[in-house]
Amino acid sequence: MSDWPGGRSEDRRQAYGRGSAGAEPEGARAMPHIRRPSPPQQYSPPQGYDGAPVAGGHRVVGQGGPGDDYGRHDGDGYNTGQIYGRGAPNGPGGPGGPAGPGTGGRPPRATRPNWGKRIKVGLVTFLAVLLAVSVGTYFWADSKLRTEVDLSKVKDRPAGGEGTNYLIVGSDSREGLSDDDKKELHTGSADGKRTDSMMILHTGDNGTTMLSLPRDSYVTIPAFTGQKSGKHFPKSTHKLNQAYSDGGPELLAQTIEFNTGLHIDHYAEIGFGGFRNLVDALGGVEMCLDKPLKDRDSGADFKAGCQELNGAQSLAFVRQRHQEADQDLGRMRNQQKFLNTLAKQAASPSTVLNPFRLYPVIGSGLDTLIVDKDMGLFDLMDMFWAMKGVTGGDGKQMTVPIANPNLPTPSDGVAVKWDMTKANQLFGQLKKDQTVTVSDK
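What counts, and where the lines are drawn
Residues numbered from 1 in each chain as written. Predicted model: local features only at pLDDT ≥ 70, side-chain atom pairs only at ≥ 80, totals over all residues. Heavy atoms only, no water. Helix = DSSP H or I, 4+ residues; strand = E, 2+ residues; numbered from the N terminus. Buried < 20%, exposed > 50% of the residue type's maximum accessible area, 1.4 Å probe, protein only. Contact = heavy atoms within 4.5 Å. Areas by Shrake-Rupley, 256 points an atom, 1.4 Å probe, with all protein chains shown as cover. Core = buried A, V, L, I, M, F, W, Y, C linked by side-chain atoms within 4.5 Å. Pairing = 2+ DSSP bridges. Axes fitted to C-alpha atoms, helices over the stretch in contact; angles between N-to-C directions. Polar contact = N/O pair within 3.5 Å; in protein donor to acceptor, adjacent residues only side chain to side chain. Phe/Tyr/Trp six-rings, centres within 6.5 Å; stacked < 30°, edge-to-face > 60°. Disulfide = S-S within 2.5 Å. Parallel < 35°, antiparallel > 145°, perpendicular 65-115°, else oblique. Nonpolar A, V, L, I, M, F, W, Y, C, P; charged D, E, K, R; others polar.

### A word on the overall build of the chain
Part 1 of the reasoning: The number of helices and strands found in the chain is twelve helices and 19 strands.
Part 2 of the reasoning: Counting all 441 residues of the chain, 40% fall into the buried class.
Part 3 of the reasoning: Summarising the internal contacts of the chain: among those between residues at least 6 apart in sequence, 61% fall at separations of at least 24.
Part 4 of the reasoning: About 24700 Å² of surface is accessible on the chain, with carbon and sulfur atoms providing 53% of the total.

### Side note on the nonpolar core
Part 1 of the reasoning: The biggest cluster of nonpolar side chains holds 42 residues, and the ones touching the most others in it are Phe 317, Phe 338 and Met 383.
Part 2 of the reasoning: Ranked by residues supplied to this core, first place goes to helix 6 (residues 272-282) with six residues.
Part 3 of the reasoning: With 28 residues, the next largest nonpolar core counts Leu 151, Ile 370, Ala 423 and Val 438 among its residues.

### Concerning the sheet that holds strand 5 (residues 195-204)
Part 1 of the reasoning: The seven strands lie next to each other as 3-16-11-4-5-6-17, forming an open sheet whose pairing is mixed. The open sheet has two free edges, formed respectively by strand 3 (146-149) and strand 17 (396-399), since each of these has just one partner strand. Each neighbouring strand pair of the sheet contributes to a mean axis angle of 25 degrees, computed without reference to strand direction.
Part 2 of the reasoning: Here strand 6 (residues 207-212) pairs with strand 17 via four bridges, running parallel. Looking at the pairing, Leu 211 lines up with Met 398 of strand 17.
Part 3 of the reasoning: Against the sheet, helix 10 (residues 355-368) makes contact with strand 3, strand 11 (266-270) and strand 16 (369-372), and its axis sits at roughly 60 degrees relative to strand 16, the strand it touches most.

### Description of helix 7 (residues 311-319)
Part 1 of the reasoning: With respect to burial, helix 7 is a largely interior element, eight of its nine residues being buried.
Part 2 of the reasoning: The set of residues buried in helix 7 consists of Gly 311, Ala 312, Ser 314, Leu 315, Ala 316, Phe 317, Val 318 and Arg 319.
Part 3 of the reasoning: One side-chain oxygen of the residue at the start of helix 7 lies 3.2 Å from the amide nitrogen of Ala 312, identifying that residue as Asn 310.

### A word on the environment of Thr 351
Part 1 of the reasoning: Position of Thr 351 among the secondary structure elements: in helix 9 (residues 349-352).
Part 2 of the reasoning: On the basis of relative accessibility, which here comes to 0%, the residue Thr 351 falls in the buried class.
Part 3 of the reasoning: Sequence separation between Thr 351 and Leu 282 is 69 residues; the distance between their C-alpha atoms is 7.7 Å.
Part 4 of the reasoning: Dropping the residues within four chain positions of it, Thr 351 is found in contact with Leu 282, Gln 345, Ala 346, Arg 357, Leu 358 and Val 361.
Part 5 of the reasoning: Polar side-chain contacts of Thr 351 include one of 3.1 Å to the backbone oxygen of Gln 345.

### As for the packing of aromatic side chains
Part 1 of the reasoning: Applying the stated criterion across every chain yields a total of five aromatic pairs.
Part 2 of the reasoning: Centre to centre, the rings of Phe 275 and Phe 338 are 5.3 Å apart; their planes meet at 40 degrees, and the pair counts as tilted. Here Phe 338 lies in helix 8 (residues 328-346) and Phe 275 lies in helix 6, a separation of 63 residues in the sequence. The residues Phe 275 and Phe 338 share a single accessibility class, namely buried.
Part 3 of the reasoning: Consider the rings of Phe 317 and Phe 338, whose centres lie 6.3 Å apart with planes at 45 degrees: the pair is tilted. Of this pair, Phe 317 sits in helix 7 while Phe 338 sits in helix 8; the two residues are 21 residues apart in sequence, bridging distant segments of the chain.
Part 4 of the reasoning: On the basis of relative accessible area, Phe 338 is assigned to the buried category, the value being 0%.
Part 5 of the reasoning: Cluster of aromatic residues (ring-pair linked, three or more members): Phe 275, Phe 302, Phe 317 and Phe 338.

### Quick notes on the state of the cysteines
Defined simply, a disulfide is a covalent bond joining two cysteines at their sulfur atoms.
Part 1 of the reasoning: Scanning the entire structure with this criterion turns up one disulfide.
Part 2 of the reasoning: For Cys 288, the disulfide goes to Cys 306, at an S-S distance of 2.0 Å. Judged by the torsion about the S-S bond (105 degrees), the Cys 288/Cys 306 disulfide is right-handed. On the criterion of sequence distance, the pair formed by Cys 288 in strand 12 (residues 285-289) and Cys 306 in strand 15 (residues 305-309) is long-range, its members being 18 residues apart.

### Here's the deal with unusual backbone geometry
Part 1 of the reasoning: Backbone geometry at Asp 156 places phi at a positive 50 degrees, although glycine is not the residue there.
Part 2 of the reasoning: Locating Asp 156 in the fold gives a position in the loop between strand 3 and strand 4 (164-171).
Part 3 of the reasoning: Positioned with a positive phi, Asp 433 is a non-glycine residue whose angle comes to about 55 degrees.
Part 4 of the reasoning: Relative to the helices and strands, Asp 433 is located in the segment after helix 12 (420-431).
Part 5 of the reasoning: A relative accessible area of 8% places Asp 433 in the buried class.

### Focus on the pairing of strand 5
Part 1 of the reasoning: Burial runs high along strand 5: nine of the ten residues are buried.
Part 2 of the reasoning: Judged from the eight bridges that link them, strand 4 and strand 5 form a sheet pairing that is antiparallel. Paired with Asn 165 across the strands is His 202, a residue of strand 5.
Part 3 of the reasoning: Where strand 5 meets strand 6, six bridges bridge the pair, whose relative direction is antiparallel. Bridge assignment links His 202 to a residue of strand 6, and that residue is Thr 209.

### Digging into the side chain of Arg 215
Part 1 of the reasoning: Looking at the secondary structure, you find Arg 215 in the loop between strand 6 and strand 7 (218-221).
Part 2 of the reasoning: When near neighbours in sequence (up to four residues on either side) are disregarded, Arg 215 contacts Thr 195, Asp 196, Met 198, Lys 239, Leu 240, Asn 241, Arg 321, Asp 328 and Arg 331.

### Points about the packing of helix 3 (residues 115-144) against helix 10
In a pair of packed helices, the angle between the axes and the distance between the axes together describe the arrangement.
Part 1 of the reasoning: Running from N to C, helix 3 and helix 10 point in directions that differ by 25 degrees, and their axes come no closer than 9 Å. Classified by the interaxial angle, the pair formed by helix 3 and helix 10 is roughly parallel. In this structure, helix 3 uses Val 133, Thr 137, Trp 140, Ala 141 and Lys 144 to contact helix 10, whose residues at the interface are Tyr 359, Ile 362, Gly 363, Leu 366 and Asp 367.
Part 2 of the reasoning: Here the residues of the contact of helix 3 with helix 10 are counted per class, giving six nonpolar, two polar and two charged.

The structure is reproduced here in structure tokens:
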């Protein structure tokens, strides 16, 4: 009985082994690396190199491992002379053929992500979204502007000078205030509107100048026709505040142009309610006070030091004057200081880059801000940036030079008289957009 598994004879072994005297078969010569059969041993199910049984008595091709470099084996461990895997020159997985599934060939290399293209696509998408949001915001904000002042109605206007002049007015308008609001804000319930503060903001190549005009300034009011009565009023001399009461923003602008020679390019006005809402939307304004302030008429009651003022407190601060030695003049300095701080905080990155803060600020400010018909959002933005620049030291804050702060008048009580020599020099420098050298001291 043969000791060879599967009934193979010694003659067959000799016919294919190296001990054969005859010529080697072609299959054997083509396979110099074929392993010799193992010595007779107890039969066990054929296994792959990973220890798994070989399917159907043959090693499963394409499982990888060293066995893939040899021919297919039968159940006895003998090579059948067929070559698979990496050694096949033209078959699947070989250098001359395709790398198909189930072969022992190297898998195709994964395609690397094109990060340059991804970044470009992402950047374009971001810019498109940013543009859409910006355009939408612009038209939304532009629709909220209250362009109610028509400067084209102003008569006998001086020629335009160099730079841009903004007339900024704080009125005592109670528009939108309830009875409880009036009580909280100490505004009273007076009819009509008067100016609480007036400033000329000049911007140009030689810096920014914020010039306050006392509301009690004793000036010439040009002849005009009443908007409601249609009655003609001749030229007269009264307090500057009277021009606004009699003829509104247009007569106020005409009076300022007549007395200064400066061409007013744009007009902006905000009332009590709008001022309070703007500050509250901004989250308050931080002010640093050198001394405590307490004023029963305005409701101001502040300690010394730095503190955050809400809308109602801010309005009380800019309206109080009885704590100031020079009354209205001291109040104007506080108003300038507050408006500069307000503009700085409104233009800060924490506001501009935060839509949850920016949109309420824009909405609150524009809802109650009254401007001239030719003033657009970019003009308004230039005005705020100029105010912010004054706070940062890029400009000058001053009051029109005063000759007598307590001038007795025939019918208007005590008024403020300008120092016309210095004042005319100042107005000339602003008109020509020259560096301001005049002092208000």
